[in-house]
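Understanding the architecture of this molecule
Given next are the chains, with one letter for each unit.
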Amino acid sequence: MGAPKLLTDTRARAAYAEGAGIYRIVPAAVAIPRDVGEVAALARWAAETGTPLVPRGAGSGMPGGNVGSGVVVDLSQGFLQLTVDPERRLARAGASVTCARVNDACRPYGLRLPPDPSSGAFATCGGMVATNAAGPRSVRYGSVRRWVESVEVVDADGNVRTVRRGGGAGPRYPAPDSGYRPHFPRTRKNSSGYALDRFAESGDELDLLIGSEGTLAIITAVQWRLDPIPPDLAGVALGFTDLAALAEAVPFVVSLNPSSVELLDRTLLQHIAEAPPVACLLLIEFERETAAAARAVVGDVVRGLKHALAHVETAVDRAGLDKLWDVRRLASPALARLPASQRSLQVIEDGCVPLERLGDYIAGLRAAAERRGVPVAIFGHAGDGHVHVNALPDTTRAGWREALEGLFADGIDLVIHLGGVPAGEHGAGRLRAGVLERFYGEEMFALFRAVKRAYDPLSILNPGVIIPAADWAPLAALKVGNGAAPIPEDIATRLRDMERNAAWATSKLELTHA
Ligand SMILES: Cc1cc2nc3c(=O)[nH]c(=O)nc-3n(C[C@H](O)[C@H](O)[C@H](O)COP(=O)(O)OP(=O)(O)OC[C@H]3O[C@@H](n4cnc5c(N)ncnc54)[C@H](O)[C@@H]3O)c2cc1C
């Protein structure tokens, strides 16, 4: 079987020059394989010609793993097969299938894929496994790692194989000696580099491939483990007048086994007219076997935190919860109404710290934003010590780029100081590749390089991602500002609209139509 045709015209290359996140890098070409055979042929051709491949799903990833100067391989179209085996609680999905489609297919059987990335409507199964994606519910159900039973992959040399949970270390990288325990930061979530800690625990190659961001192999299918949908739920919105009170409350809430504990900080709430007048808000959900149990635990939370609360609103069913959650849904439209010059740029958007350092982390982020003169909006997964930060620099102001660089540096220093990791669910990408060694140390990073060499000795697969390029510069190749790579104006406008409307499910070739 031959490799797919390469699209090399200016408009097609421009349509794939951006993903979510900050970068614009025009690829040399685009390939849209229709099946595993074409991916394998493409990998063999890339190895023969020394051409870098940039595996890509919907392009919704933030840290630049989905863009690059080689051949972008669009895996969002050709791998749409999906079957559900309700008896065994498994679903086999092609790499292009979205998270939402998996759940739509499982729901009639009372099953679901528990991690629920907010990008589920467009994130592909390939992209979710490649980034070890997560979501609000991960506080109870973990990241996708726990839910992957097997993956079908194409190796850098074009070999096709299936890698299973319990399948052992595989042929590429040696199994660690028993008793070997790599030193990793103690966070509840981590999508920053190769999961050598998980690999050491399980001895399974699968753990190296999950979260490998297209740098070790190309994923063509995923077999998911499914879980029954819990019958009942209840929730509560809790407002606090100060951050310290919220930070103290979170470990108590987490000890009650919630299914989400989401934070909206005042830096975000100030943009939402309908939000209660509090310094920060927690949106909490409990899934339980009965309505009574769900309501009872909400009561426990409110009673336990009564002394610290400035606002309480409870919900006893799905409709009520949706209403509580409206305030979070209003955040994106509110930010979209900011002046066009105030761009949302994700440079420190995914840090994750040990739960007991959450308050210090948010306070440190607020202080860094103040110091650098870059407004931020902070929100995210408080129950996992993991928050997202939208940096909102005014790109018409002189010095905005230097200020943003300063914020990036401060954010990384802060996470290191607090014993965290730079990415809880988005991945290291290009943006954070050059700082990983500071988090893991020289010895561990040498092992990262060894993993990469074992899988991809010619560095064909997504070079510059996880393992930094020699000229790594995190804030080069921005999609914003004078230095942005030139692409046709109409395509730049459509890419901007796609970003603003989170329309990542759009076929990128549609953007090229005149
Ligand atoms: C509005 C919005 C909300 C978001 N919310 C969440 C959230 O709640 N949780 C979360 O985890 N993320 C979230 N994200 C980030 C993003 O959606 C996830 O990282 C998602 O898993 C990426 O999937 P994708 O198909 O878009 O992959 P892409 O962005 O195309 O790729 C991401 C990375 O995976 C690699 N990759 C993609 N497909 C393959 C493949 N088949 N084989 C090998 N490597 C591959 C790429 O090389 C790249 O490094 C959000 C993004 C947006 C824009």
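For clarity, every value in this text was computed on a predicted model and none was experimentally measured.

Take the overall build of the protein next. Of the regular secondary structure elements, the protein holds 17 helices and 17 strands. By the compact-globule yardstick of 24 Å for 514 residues, the protein fits well, its C-alpha radius of gyration being 22 Å. Principal-axis analysis of the C-alpha atoms gives the protein an extent of 65 × 60 × 50 Å. Out of the 514 residues in the protein, the part that is buried amounts to 60%. In the protein, 73% of the contacts between residues at least 6 apart in sequence involve partners at least 24 apart. Of the roughly 19600 Å² of accessible surface on the protein, a fraction of 51% belongs to carbon and sulfur atoms.

Counting across every chain of the model gives five aromatic pairs. Taking the centre distance of 5.5 Å and the plane angle of 65° together, the rings of Tyr194 and Phe448 count as edge-to-face. Here Phe448 lies in helix H16 (residues 442-455) and Tyr194 lies in the loop between strand S9 (160-164) and helix H6 (196-202), a separation of 254 residues in the sequence. Owing to a relative accessible area of 0%, Tyr194 belongs among the buried residues under this scheme. Residue classification places Phe448 among the buried positions, given a relative accessible area of 0%. Plain terms: the ring middles of Tyr440 and Phe448 are 5.1 Å apart, the flat faces sit at 50° to each other, and that makes the pair tilted.

Strand pairing in a sheet is mediated by backbone hydrogen bonds. Such pairs are either parallel or antiparallel. One open sheet accounts for six strands, arranged S15-S12-S14-S13-S16-S17; its pairing is antiparallel. Each having just a single partner strand, strand S15 (311-315) and strand S17 (386-391) make up the two edges of the open sheet. Within the sheet, the average angular offset between the axes of one strand and its neighbour, ignoring direction, is 15°. Note: strand S12 (residues 232-240) against strand S14 (residues 280-288), nine bridges, orientation antiparallel. If you follow Phe240 over to S14, its bridge partner there is Cys280. Of the strands in this sheet, S12, S14 and S15 touch helix H10 (residues 291-305), which is tilted by about 15° from S12.

Close contacts around the ligand come from 34 residues, with Pro55, Gly57, Ser60, Gly61 and Ala134 the closest. Gly61 places a main-chain nitrogen or oxygen 2.6 Å from an oxygen atom of the ligand. Within the backbone of Ser118, an N or O atom sits 2.7 Å from an oxygen atom of the ligand. Isolated, the ligand exposes 970 Å² of accessible area, and the fraction of that covered by the protein chains is 93%. Only strand S3 (53-56), helix H4 (125-131) and strand S10 (217-225) provide two or more residues apiece to the shell around the ligand. Taken together, the residues that form the shell around the ligand break down as 16 nonpolar, 15 polar and three charged.

Here we take up the sheet that holds S9. One open sheet holds the five strands; their spatial order is S5-S6-S10-S8-S9, and the pairing between them is antiparallel. Each of the sheet's edge strands pairs with one partner strand only, and the pair in question is strand S5 (82-85) and S9. Each neighbouring strand pair of the sheet contributes to a mean axis angle of 20°, computed without reference to strand direction. Taken together, the five bridges between strand S6 (residues 90-94) and S10 define a ladder with antiparallel strand orientation. Bridge pairing links Ala93 to Val222 in S10. Along the sheet face, helix H3 (residues 99-106) touches S5, S6 and S10 and points at about 40° away from the line of S5.

On to the pattern of salt bridges, then. Per the stated rule, a full pass over the model turns up 38 salt bridges. As a salt-bridge pair, Asp300 and Arg303 come within 2.9 Å of each other at their nearest N and O atoms. Taken together, the residues span about one helical turn, with Asp300 and Arg303 both in helix H10 at a distance of three residues. For Asp300, a relative accessible area of 36% translates into the label partly exposed. Among the ionic pairs, Glu499 bridges to Arg496, the shortest N-O distance being 3.4 Å.

Glancing now at the pairing of S10. Summarising burial for S10: eight of the nine residues are buried, a large majority. For strand S8 (residues 148-155) and S10, the ladder comprises seven bridges, and the chain directions are antiparallel. Its bridge partner being in S10, Ser150 is matched across the sheet by Gln223.

This part is about H3. Turning to H3, its buried residues are Cys99, Val102, Asn103 and Cys106. Considered in projection along H3, the buried side chains sweep an arc of 95° and stay on one side of the axis. Where H3 is buried, its residues contact S5, S6, strand S7 (111-112), H4 and S10.

Okay, the packing of helix H8 (residues 243-254) against helix H13 (residues 358-372) next. Across the interface, H8 lies against H13 with an axial gap of 8 Å and an inter-helix angle of 150°. The two elements H8 and H13 cross, and the hand of that crossing is right-handed. Only Leu358, Gly359, Ile362, Ala363 and Arg366 of H13 make contact with H8, whose side of the interface consists of Leu243, Leu246, Ala247 and Val250. Taken together, the residues of the contact of H8 with H13 break down into seven nonpolar, one polar and one charged.

Here helix H2 (residues 36-49) contains 14 residues, and its C-alpha end-to-end distance of 20 Å stays within 8% of the 20 Å for a straight helix at 1.5 Å per residue. One or two steps after H2, the chain reaches Gly50, where phi turns positive at roughly 65°.

Quick notes on the rules
Residues numbered from 1 in each chain as written. Predicted model: local features only at pLDDT ≥ 70, side-chain atom pairs only at ≥ 80, totals over all residues. Heavy atoms only, no water. Helix = DSSP H or I, 4+ residues; strand = E, 2+ residues; numbered from the N terminus. Rg over C-alpha atoms; globule rule 2.2 N^0.38 Å. Buried < 20%, exposed > 50% of the residue type's maximum accessible area, 1.4 Å probe, protein only. Contact = heavy atoms within 4.5 Å. Areas by Shrake-Rupley, 256 points an atom, 1.4 Å probe, with all protein chains shown as cover. Phe/Tyr/Trp six-rings, centres within 6.5 Å; stacked < 30°, edge-to-face > 60°. Pairing = 2+ DSSP bridges. Axes fitted to C-alpha atoms, helices over the stretch in contact; angles between N-to-C directions. Near = heavy atom within 4 Å. Polar contact = N/O pair within 3.5 Å; in protein donor to acceptor, adjacent residues only side chain to side chain. Nonpolar A, V, L, I, M, F, W, Y, C, P; charged D, E, K, R; others polar. Salt bridge = Lys/Arg side-chain N within 4 Å of Asp/Glu carboxyl O. Arc of directions from axis to C-beta. Left-handed = near helix turned anticlockwise from the far one by under 90°. Expected span 1.5 Å × (residues − 1).

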